[in-house]
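# Reading the structure
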Amino acid sequence: MDGNGRWARSRGLERIRGHERGITAVRETVEECARLGVEGLTLYAFSEENWSRPQLEISMLMRLLKKFLVEERPTLMDNRVQLLHVGRRERLAPDVLRILDETIELTAGNDGMKLGLAISYGGRAEIVDAARRAAIAVRDGALDPEALDEAAFRGFLYHPEIPDPDLMIRTAGEMRVSNFLLWQVSYAELHVEDVCWPDFRKEHLHAAFRAFGRRVRKFGAVLP
Ligand code: FPP
């Protein structure tokens, strides 16, 4: 969800105002994806690298996150969305974890779209954590190392129940993967949108889906 800071700065506002406006785009995107029958949506809200931002911006982002997790509960319930946390818990403050866990628990029975919220997330960190869990399973005799193939390894990722993305959308013209879902995006189609995240609307989402529909996906094979 790139470009919150640029959106604000270009209007002479503090960066946090861009993050605040970004919530509107989050709400609209979640509702529209759920309505259209998307099975899984993962939003990159806070990366492992984002911990190096100024403390004031981090605490404002965490406050915004808590507000979002409480205020959006009716939206999640109305749209039968199941919330999942994608990332590490260690550096998140107890009050953030409490509100996050409460919202996860509240939505656990929802049978609609799975919404992964990537917070304190890094793609390499996820692969390292999965490798560690697999190693522990081998050590404990629960896993035969010869049986560790791609499907088995996938099971050690944070939330294997969220399907691998078919489409990765980046805003504000950014052309990088930025350590996002490194394992899962292997065959994802990339779509780069020039608008900054606070201006991202369902029309942009529809345009991304239409562009996706025109892609020819070969998964490394040769088409007949
Ligand atoms: C990237 O823009 C955005 C973030 C690091 C935070 C994203 C957070 C939100 C959209 C609001 C909170 C989200 C949820 C789901 C509660 P940037 O700050 O890097 O902007 P820039 O690239 O213009 O500097």
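A quick note: this is a predicted structure, and the numbers were derived from the prediction, not measured. (Residues numbered from 1 in each chain as written. Predicted model: local features only at pLDDT ≥ 70, side-chain atom pairs only at ≥ 80, totals over all residues. Heavy atoms only, no water.)

### Overview of the side chain of histidine 85
For clarity, the threshold we go by: Where helices and strands are cited, they refer to DSSP runs of H or I of at least four residues and of E of at least two residues respectively, numbered from the N terminus. Here a polar contact is taken to be a pair of N or O atoms separated by no more than 3.5 Å, where protein atoms must pair a possible hydrogen donor with a possible acceptor and residues adjacent in sequence count only if both atoms sit in side chains. Residue contacts are counted whenever heavy atoms from the two residues lie within 4.5 Å of one another.
Counting through the fold element by element, histidine 85 comes out in strand 2 (residues 82-86). At 2.9 Å, the side chain of histidine 85 and the backbone oxygen of isoleucine 119 are in polar contact. Aside from chain neighbours lying at most four places away, what touches histidine 85 is Leu92, Leu100, Ile104, Leu117, Ile119 and His159.

### Quick look at helix 6 (residues 123-139)
To be explicit about the condition: What a helix should span is 1.5 Å times the count of its residues minus one. We call a residue buried when its accessible area falls under 20% of the maximum for its residue type, exposed when it is over 50%, and partly exposed in between, using a 1.4 Å probe and counting protein chains only.
For helix 6, with 17 residues, the first-to-last C-alpha span of 24 Å sits near the 24 Å given by 1.5 Å per residue. For helix 6, the set of buried residues is Gly123, Ala125, Glu126, Asp129, Ala130, Ala134 and Ala137. Residues of helix 6 that are buried sit in contact with strand 3 (114-121) and helix 7 (150-154). Looking at the residues trailing helix 6, positive phi occurs at glycine 141, about 80°.

### Description of the packing of aromatic side chains
Quick note on the threshold: Here the aromatic set is Phe, Tyr and Trp, taking the six-membered ring for Trp, and pairing holds for ring centres within 6.5 Å; pairs whose planes are under 30 degrees apart are stacked, those over 60 apart are edge-to-face, and all others are tilted.
Within this structure, the stated rule accounts for eight aromatic pairs. Where tyrosine 121 meets tyrosine 158, the ring centres are 6.1 Å apart and the plane angle is 75°; that geometry is what we call edge-to-face. Linking tyrosine 121 in strand 3 with tyrosine 158 in the loop between helix 7 and strand 4 (167-170), this pair joins segments that are 37 residues apart in sequence. Relative accessible area serves as the criterion here: at 13%, tyrosine 158 is assigned to the buried category. Their ring planes at 20° and their centres at 5.0 Å tell us that tryptophan 197 and phenylalanine 200 sit as a pair that is stacked. The residues tryptophan 197 and phenylalanine 200 share a single accessibility class, namely buried. Ring pairs connect the aromatic residues Tyr44, Tyr121, Tyr158 and Phe180, which therefore count as one cluster.

### Some points on the sheet that holds strand 3
Going by this rule: A pair of strands counts as paired when DSSP detects no fewer than two bridges linking them. For helices, the fitted axis covers only the stretch in contact; all axes are lines through C-alpha atoms, and the angles between them, taken along N-to-C directions, range from 0 to 180 degrees.
With respect to topology, three strands assemble into an open sheet ordered 1-3-2, the strand pairing being parallel. A single partner strand is all that each edge strand has here, and the edge strands are strand 1 (40-47) and strand 2. Shown here is a sheet whose adjacent strand axes are inclined to one another by a mean of 20°, direction ignored. In the sheet, strand 1 pairs with strand 3 via seven bridges, with the strands oriented parallel. In the sheet register, leucine 43 faces strand 3, and the bridge partner there is leucine 117.

### Regarding the nonpolar core
Put simply, the rule reads: Nonpolar cores are built from buried Ala, Val, Leu, Ile, Met, Phe, Trp, Tyr and Cys residues. Side-chain atoms within 4.5 Å join them into one set.
Judged by nonpolar contacts, the single largest core of 33 residues is most densely connected at Val30, Met62, Leu69, Leu92, Leu115 and Leu117. Discounting chain neighbours no more than four positions away, the residues touching leucine 115 are Val30, Leu41, Leu43, Leu76, Val81, Gln82, Leu83 and Leu84. By size, the runner-up hydrophobic cluster in this structure holds 13 residues, among which are Leu84, Met168, Phe180 and Leu181.

### A word on unusual backbone geometry
Within the chain, serine 178 stands out as a residue other than glycine whose phi angle is a positive 50°. Turning to its location among the elements, serine 178 is positioned in the loop between strand 4 and strand 5 (189-192).

### Examining the pattern of salt bridges
The cut-off we apply is this: Any carboxyl oxygen of Asp or Glu that lies within 4 Å of a side-chain nitrogen of Lys or Arg is treated as forming a salt bridge with it.
For the coordinates displayed, the defined rule picks out 24 salt bridges. A salt bridge links glutamate 72 to arginine 27, with the nearest nitrogen and oxygen atoms 2.9 Å apart. Of this pair, glutamate 72 sits in the loop between helix 3 (55-71) and helix 4 (73-78) while arginine 27 sits in helix 2 (residues 15-36); the two residues are 45 residues apart in sequence, bridging distant segments of the chain. Taking the relative accessible area as the measure of exposure, glutamate 72 reaches 4% and is therefore buried. Its relative accessible area of 31% is what places arginine 27 among the partly exposed residues. Between aspartate 95 and lysine 66 there is a salt bridge whose closest N-O contact spans 2.6 Å. Of the two residues, aspartate 95 sits in helix 5 (residues 94-107) while lysine 66 sits in helix 3, which places them 29 residues apart along the sequence. Taken together, the shared-partner salt bridges in this structure form one network comprising Glu48, Arg88, Asp129 and Arg132.

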